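Chain by chain, the residues run as shown.
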Amino acid sequence: MTLRFASFALLAALATTGCSKGPKADANAKPATTAAKPEGAGATAAKPEGTGAATAAGQSFGAGVKLPDSTPIATILASPKDFAGKTVRAEGMIVDVCPKRGCWFEMAGPNPGEKLRFKVVDGEMVFPLDAKGKWAVAEGVLSVKDMSLEDSVAYAKYQAEEKGEPFDPASVTAPMSVVRIDGTGALIRDKQ
Amino acid sequence: MSAPASPAASAPDAAPVARPAPAPAKARRACDGIMWRKWFRVLHRDIGYVAVALIIAYGVSGLAVNHIEDWNPSYTFAERGFDIGPLPTGEPAAMADAVIARLHLDRASVRGHFLETARELRVFLTDGQEARLDVTTGKGKLKLVARRPVLFQLNALHLNNLKGAWTYVADVFAVALIFLALTGMTMMKGDRGLFGRGKYFVLAGLAVPVGFIAYVFA
């Protein structure tokens, strides 16, 4: 009988330890989430579901955003090598999210088809699929990778498969250059 | 060599004096290692009860995410074709307005739009859904997304997508699993125990991952 009670007491102590360290963050997150709702994005849009902590300014991921100013996506894409290896902050509407692991998203630039990818290590941050159409402010190191034609085809094929879209190898006619931000932190909010 | 007869054996009248008292016997049993086995058994049983829900949840999610190359374990996707006729030429905002009106979309559910190419317009809706169409023909697809019931939540727990407080809960669970594994080996004694046939099973279980690693990395 003594053992039974002692065992129960030990389990209760373990459970308390497990619960005592974190719930404060969640408790703070709820009012901010509710505050984001009136923007008109709908109930699910305001519900944080990724790895980010919700704040009044939006849902923060990873180390968050520290640089004060954003570089326009069009400027980065116009001469990416000028920014290669540098920490940049960029912002734009999210037009695609990694559908399987939530490990990347793409932000739109002002011109048709202009997109900049924000990539993180799998699991480090997980971006929810319903972030599409929301506004992202993202920060990280810009990377530029020039690929051979063969690698470009393989890359495009992988991207199409990941999105569940059909792929025609003939659609890739020239070597591609992949420009992306290797992310350290991001902030996602309903509107600009 | 036989032991000399004790005074108790030679004097039956003095038996009550020779009978061991309960307390010293308990102490001896503790010294023999019986008490720790009993503790392990009790803790293994009770921690096991507590861990049942999460073990099943993590197991189910593990099966689901193991095959992520073949399916999406968290979301389901569907497409519905439509033809709303050619859109007015001009600003993308005007084209998006036409899409919203012709598809009878709730304006509150529209988040924004993007010209993927000069001809392809995407109108983003809540929940990661979107209408994607050719602006010159008006033909396109409504891409619908839905969370897989239960699995979405289990995967979020298992992959620790939630971070924050759940990280500590998952840490406690991981320690509990290690404890269950170690104490599980002490449940039986003798031929069926760890030092009986148990060691062969433990080695067989170890051989699978070790063999796999050796094969892959050799």
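Residues numbered from 1 in each chain as written. Chains lettered and ligands numbered in written order. Predicted model: local features only at pLDDT ≥ 70, side-chain atom pairs only at ≥ 80, totals over all residues. Heavy atoms only, no water.

**Focus on the overall build of chain A**
The secondary structure content of chain A amounts to 5 helices and 7 strands. In chain A, the order of α-helices and β-strands from amino to carboxyl end is α-α-α-β-β-α-β-β-β-β-α-β. Taking all contacts inside chain A whose residues are at least 6 apart in sequence as the whole, residues at least 24 apart take part in 69%. Accessible surface, chain A as shown: approximately 9600 Å² in total, 59% of it carbon and sulfur. (Helix = DSSP H or I, 4+ residues; strand = E, 2+ residues; numbered from the N terminus. Contact = heavy atoms within 4.5 Å. Areas by Shrake-Rupley, 256 points an atom, 1.4 Å probe, with all protein chains shown as cover.)

**Looking at a nonpolar patch on the surface**
Taken together, Phe212(B), Ile213(B), Tyr215(B), Val216(B) and Phe217(B) make up a surface patch of nonpolar side chains, about 660 Å² in accessible area. Within the fold, Val216(B) resides in helix H8 (residues 194–217). (Patch = residues over 30% accessible without salt bridge, like charges linked within 9 Å, V, L, I, M, F, W, Y side chains within 5 Å. Salt bridge = Lys/Arg side-chain N within 4 Å of Asp/Glu carboxyl O.)

**Let's talk about the environment of Ala98(B)**
Residue and element names in this part refer to chain B. By the element assignment, Ala98 lies in helix H5 (residues 92–102). By relative accessible area, Ala98 is classed as buried at 12%. If we skip the residues at most four places from it in the chain, Ala98 touches Leu87 and Pro88. (Buried < 20%, exposed > 50% of the residue type's maximum accessible area, 1.4 Å probe, protein only.)

**Here's the deal with the pattern of salt bridges**
A complete count under the given rule lists 23 salt bridges over all chains for this structure. In this structure, the salt-bridge partner of Lys157(A) is Glu161(A), at a minimum N-O distance of 3.8 Å. Taken together, the positions of Lys157(A) and Glu161(A), both in helix H5 (residues 149–163) and 4 residues apart, correspond to about one turn of that helix. For Glu79(B), the salt bridge identified is with Lys141(B), shortest N-O distance 3.5 Å. Of this pair, Glu79(B) sits in strand E1 (residues 75–83) while Lys141(B) is found in strand E5 (residues 139–147), placing the two residues 62 residues apart along the sequence. Classification of Lys141(B) as partly exposed rests on a relative accessible area of 41%. One continuous salt-bridge network, built from bridges that share partners, spans Asp96(A), Glu106(A), Lys115(A), Arg117(A), Lys132(A), Glu116(B), Glu120(B), Arg122(B), Glu130(B) and Arg132(B).

**Some thoughts on the confidence of the model for chain A**
Confidence along chain A averages 77 in pLDDT terms, with 71% of residues attaining 70 or more. Confidence drops under pLDDT 50 across residues 14–48 of chain A; counting only partners more than four residues distant or on other chains, this segment forms 37 contacts. (pLDDT = per-residue confidence, 0-100.)

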